[in-house]
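Structure at a glance
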Amino acid sequence: MRYSIAIDGPSGAGKSTIASALAKKLGILHLDTGAMYRAVGLKILRLGIDFSDEETIAQVLKNTDIDIKYECGIQKVYLDGENVDSLIRLHEVSKAASAVSALRCVREKMAQAQRKLAQKYDMVVDGRDIGTYVLPDAKYKFFLTADEEIRAKRRHEELKEKGQLIDYNAVLEDIKKRDYMDSTRAIAPLKKAQDAIVIDSSNMTPSEVVQSMIKYIKERL
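The following refers to the structure shown. Since the model is a prediction, treat every value here as computed from it, not as a measurement.

As for the pairing of strand β2 (residues 29-32)
The two faces of β2 match: L29 and L31 on one face and H30 and D32 on the other face are all buried. Two elements, β2 and strand β6 (residues 123-127), share 4 bridges in a ladder whose sense is parallel. Bridge pairing in β6 links D32 to D126.

Structure follows, in structure tokens:
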């Protein structure tokens, strides 16, 4: 059985957590595409390049290697040979990822890499534009969402657990800003694919979300 599962949704909806758990249940791999954009954002931050300078960023990308490796089934992200898993989860890198993801040169390069991985492996792929742009032919598509205040609370708790003490209101405003940027960008904006199943996780546990997805998939095997 060939699995091609796309999970899209806004920032803080829990896509990565759900996708990872779903992949584990199905015994396949999980591709967190957001981690790839975070790696690009990290590099641009390190170089001090203005996020609106697409021409310079396009040149930088020509000499940038974003590599995804799976170690014991767990995704690891390498930026120019450096494992950057811990660095790409910093709050400032999240904002940088949102900025660079709006650039055509970045989206095209990342989408190409993501398609190659999806062709090579059975996997659950999560992001903002998987079902609409990266893998429009995916057999199973989900659009995972939740109320923005609940998403902000979840993200705030996640950051606190990682030792990043950021004001809740700042996280909420960042969520709103990212929603706007993601849904209004010119290339591959965040939106529900016509054939995607919407799941509102506002009042659901991660386990309940995963079970609902598995039920849907099994009904259509």
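Some words on the side chain of D182
By secondary structure assignment, the location of D182 is in helix α8 (residues 168-184). Within the local environment of D182, its side chain forms a polar contact with the side chain of R128, the two groups lying 2.8 Å apart. Once residues lying within four places of it in the same chain are set aside, the contact partners of D182 are S98, S101, R128, P189 and L190.

Examining the packing of helix α4 (residues 91-100) against α8
The contact between α4 and α8 brings their axes to 10 Å, and the two run at 20°. When the axis of α4 is compared with that of α8, the two are roughly parallel. Between α4 and α8 lies a crossing of left-handed hand. On α8, the residues touching H91, S94, K95, S98 and A99 of α4 are D174, R178, M181 and D182. In terms of residue class, the contact of α4 with α8 is made up of 2 nonpolar, 3 polar and 4 charged.

Quick word on the pattern of salt bridges
For the structure on display, the rule yields 16 salt bridges. The shortest N-O distance in the salt bridge between R128 and D182 comes to 2.8 Å. Of the two residues, R128 is situated in the loop between β6 and α6 (130-134) and D182 in helix α8; the sequence distance between them amounts to 54 residues. In this structure, R128 and D182 share a single accessibility class: buried. Note that D195 is salt-bridged to K141, the shortest N-O span being 3.1 Å. You can see D195 sitting in the loop between α8 and β8 (197-200) and its partner K141 sitting in strand β7 (residues 140-145), a full 54 residues away along the chain. By relative accessible area, which is 6% here, K141 ends up buried.

Basis of the calculations
Residues numbered from 1 in each chain as written. Predicted model: local features only at pLDDT ≥ 70, side-chain atom pairs only at ≥ 80, totals over all residues. Heavy atoms only, no water. Buried < 20%, exposed > 50% of the residue type's maximum accessible area, 1.4 Å probe, protein only. Helix = DSSP H or I, 4+ residues; strand = E, 2+ residues; numbered from the N terminus. Pairing = 2+ DSSP bridges. Polar contact = N/O pair within 3.5 Å; in protein donor to acceptor, adjacent residues only side chain to side chain. Contact = heavy atoms within 4.5 Å. Axes fitted to C-alpha atoms, helices over the stretch in contact; angles between N-to-C directions. Parallel < 35°, antiparallel > 145°, perpendicular 65-115°, else oblique. Left-handed = near helix turned anticlockwise from the far one by under 90°. Nonpolar A, V, L, I, M, F, W, Y, C, P; charged D, E, K, R; others polar. Salt bridge = Lys/Arg side-chain N within 4 Å of Asp/Glu carboxyl O.

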